[in-house]
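Residues per chain are reported as follows:
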Amino acid sequence: QKVKMRQVNKSMKGIKKGKNGVITLTHMNLTGIPDMVLDYLDREEARRRVSGICLDCNRLSALPDDRLQRWVYIKHLSLRYNNLRSLSPAISTLVALQHLDVSHNQINNLPHIGTLKNLETLQMDWNKVTSIPESH
């Protein structure tokens, strides 16, 4: 996938300096999260420095389940204005998550998110949700 590497490098550089702890890759027309970013998020350094990921205004239709499960330290995840039709059940592994914004997508249903005990806000407006799972 073609990505504006200057923008990706700039974002990664900002994280390494510990500016605000949020990786921001917005308005980049991404259909997937760049490998460079995924690899960084897997590193121990990311656990100390990254508190959130902002992927607003792209063309994401899914998140990488295998990697998503490793982001247990993420507190803020913003996926507004993408092409998501559903949220992966792996989202329930993000136990530190406090704020999740998936507004302005095409999400039809939610996975069970009862395990997200730290979740304070869930923004889902402008979706097509037809079912919400019962709590267990």
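Owing to the predicted nature of the structure, the values given are computational and were not obtained by experimental measurement.

Attention now moves to the overall build of the chain. Check the secondary structure of the chain and you find four helices and five strands. Going from the N terminus to the C terminus, the chain shows its helices and strands as α-β-α-α-β-α-β-β-β. Element-wise, carbon and sulfur atoms account for 47% of the exposed surface of the chain, whose accessible area totals about 7700 Å².

Grouped together as the largest cluster of nonpolar side chains are 34 residues, with contacts concentrated most on Leu41, Val50, Leu55, Trp71, Leu77, Leu79 and Leu94. Not counting the four nearest positions on each side in its chain, leucine 94 is found in contact with Leu68, Trp71, Val72, Leu77 and Leu116.

A word on the pattern of salt bridges. What the rule picks out here adds up to eight salt bridges. Put simply, aspartate 42 and arginine 67 hold a salt bridge, and the shortest N to O gap is 3.1 Å. Here aspartate 42, found in helix α2 (residues 35–42), pairs with arginine 67, found in helix α4 (residues 65–68); they are 25 residues apart in sequence, far enough to count as distant. Looking at arginine 67, the relative accessible area reads 15%, which means it is buried. Salt-bridge contacts for arginine 49 lead to glutamate 45; the nearest nitrogen and oxygen are separated by 3.3 Å. Placement of both arginine 49 and glutamate 45 in helix α3 (residues 44–49) is noted, with a separation of four residues, approximately one turn of the helix. Accessibility expressed as a relative area gives 33% for arginine 49, which makes it partly exposed. Overall, glutamate 45 belongs to the buried group, its relative accessible area being 16%. Because the salt bridges share partners, they merge into one network encompassing Asp39, Asp42, Arg67 and Arg70.

Rules behind the numbers
- Residues numbered from 1 in each chain as written.
- Predicted model: local features only at pLDDT ≥ 70, side-chain atom pairs only at ≥ 80, totals over all residues.
- Heavy atoms only, no water.
- Helix = DSSP H or I, 4+ residues; strand = E, 2+ residues; numbered from the N terminus.
- Areas by Shrake-Rupley, 256 points an atom, 1.4 Å probe, with all protein chains shown as cover.
- Core = buried A, V, L, I, M, F, W, Y, C linked by side-chain atoms within 4.5 Å.
- Buried < 20%, exposed > 50% of the residue type's maximum accessible area, 1.4 Å probe, protein only.
- Contact = heavy atoms within 4.5 Å.
- Salt bridge = Lys/Arg side-chain N within 4 Å of Asp/Glu carboxyl O.

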